[in-house]
Amino acid sequence: MPLGEFEVIARYFTRATPRRDVLLGVGDDAALLAPPPGQALVAATDTLVEGRHFLPGTPPLSVGHNALAVNLSDLAAMGADPAWALLALSLPDPDERWLEEFAGGLHALATRHGVALVGGDTVSGPLVVTVAVLGFVPADAALRRSGAKPGDAVYVSGTPGVAAAGLDLLRRGVMTFESRDPRVQRMLFAEPRLALGRALRGRASAAMDVSDGLLGDLDKLARASTVGAVLELERLPIAPMLADAYDRAQCERLVLHGGDDYELLFTMPADGAAARAAEIAEQAGCAVHRIGRIVAGEGVRCLREGREEPVTGGGYDHFAH
Ligand SMILES: [Mg+2]
């Protein structure tokens, strides 16, 4: 007999939480939560659709992990501490092994970041996963996209493009979901930059997470701040594991247009930026790279050794959704 909705939620999505701000979790009509006084509540939601946001046949451990990770990344981009999550799951068939692994991926990441799953809903339908997360940030310390000023330095964390390389290797059949290759693993298990978000409080003038590609997302940040930006191509951080499999031009395309890394893009005043960046990297436990600067005007221009170079948008067929 197939599992009923109640049983699915009870068996896979109900876990005890040590969080004392969960007055009532899964099981009633709604959760009762106690936000800390004096902090702003931060809320984000994201939906992953099979075949659109993840490849058919993606291991359920990865789907569960990433459904939460992409939401936690949005909280990281606001400088927030995550607290609670809600899940709405549309599933063609309540396969027990699939559910077990999916829930395992979700709960493992939630536990790692102290997040309690406080509500869930399952329905029968195509495979679609929606997660909502809630967290807190001191209201005056929240990071926004809109604070960048001309003269600010532009930074990105980590090495964007690696997840896109993993996706490319999977799509071309060079790798499989079972590969332990770090590029494939990065694509399957995004690592939200929560510690970095916290380290940017009071230091960054603007921030966002890179979900659609560095170039396009820098354009979004610049628009939100009503400024322009200059990207210095020779400064792009290129992971050695990209350079191993792609030439320089392909590497740059992966870094500029590849999504799914969930690194943070941020700006800060150029004065003292190098010292501040070192503190941030130390506090967050991840590298941050200066890749350009904010200018007056609008749009993003790419320079190589000071000379403007046209960079076409997208154009990397492997990533066409
Ligand atoms: Mg975002």
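Note that the structure is predicted; figures quoted are calculated from it, not measured.

Definitions and cut-offs
Residues numbered from 1 in each chain as written. Predicted model: local features only at pLDDT ≥ 70, side-chain atom pairs only at ≥ 80, totals over all residues. Heavy atoms only, no water. pLDDT = per-residue confidence, 0-100. Contact = heavy atoms within 4.5 Å. Patch = residues over 30% accessible without salt bridge, like charges linked within 9 Å, V, L, I, M, F, W, Y side chains within 5 Å. Areas by Shrake-Rupley, 256 points an atom, 1.4 Å probe, with all protein chains shown as cover. Salt bridge = Lys/Arg side-chain N within 4 Å of Asp/Glu carboxyl O. Helix = DSSP H or I, 4+ residues; strand = E, 2+ residues; numbered from the N terminus. Buried < 20%, exposed > 50% of the residue type's maximum accessible area, 1.4 Å probe, protein only. Pairing = 2+ DSSP bridges. Axes fitted to C-alpha atoms, helices over the stretch in contact; angles between N-to-C directions. Donors = N, O, S within 2.8 Å, 3.2 Å for Na, K, Ca; no water. Polar contact = N/O pair within 3.5 Å; in protein donor to acceptor, adjacent residues only side chain to side chain.

(A) Fine view of the confidence of the model for the protein chain. Mean pLDDT for the protein chain: 93, with 97% of residues reaching 70 or above. Scored below 50 in pLDDT, residues 315–321 makes 16 contacts in the model with residues more than four places away or belonging to other chains.

(B) Spatial organisation of a nonpolar patch on the surface. Judged by side-chain polarity, Leu23, Leu24 and Leu32 come together as a nonpolar surface patch covering roughly 270 Å² of accessible area. Relative to the assigned elements, leucine 23 resides in strand 1 (residues 22–24).

(C) Main features of helix 4 (residues 162–171). Burial analysis of helix 4 places nine of its 10 residues in the buried class, which makes it a mostly covered element. Within the sequence span of helix 4, burial applies to Val162, Ala163, Ala164, Ala165, Gly166, Leu167, Asp168, Leu169 and Leu170. Residues of helix 4 that are buried in the fold lie against helix 5 (182–188), helix 8 (240–243) and helix 9 (248–257).

(D) Fine view of the sheet that holds strand 9 (residues 228–232). With mixed pairing, seven strands are arranged side by side in an open sheet as 8-10-7-11-9-12-13. The open sheet has two edge strands, strand 8 (206–210) and strand 13 (307–308), and neither has a second partner. Set on the sheet, helix 2 (residues 60–77) makes contact with strand 8 and strand 10 (263–268); between it and strand 8 the angle comes to about 165°. On the sheet, helix 7 (residues 214–224) packs against strand 7 (153–157), strand 8, strand 9, strand 10, strand 11 (288–295) and strand 12 (299–304) and is oriented at approximately 150° with respect to strand 8.

(E) Spatial organisation of the coordination of the magnesium ion. Within the protein, the atoms that donate to the magnesium ion are Asp74 (OD) and Asp209 (OD), at distances of 2.1 Å. Of the two residues, aspartate 74 is situated in helix 2 and aspartate 209 in strand 8; the sequence distance between them amounts to 135 residues. In this structure aspartate 74 comes out as partly exposed when scored by relative accessible area, which is 22%. With relative accessibility at 3%, the residue aspartate 209 sits in the buried group.

(F) Up close: the side chain of asparagine 71. Tracing the chain through its elements places asparagine 71 in helix 2. Since its relative accessible area comes to 0%, asparagine 71 is described here as buried. In this structure the side chain of asparagine 71 is engaged in a polar contact, spanning 3.2 Å, whose partner is the backbone oxygen of valine 131. Leave out the neighbours within four places in its chain, and asparagine 71 touches Ala44, Thr45, Asp46, Val131, Ala132 and Val133.

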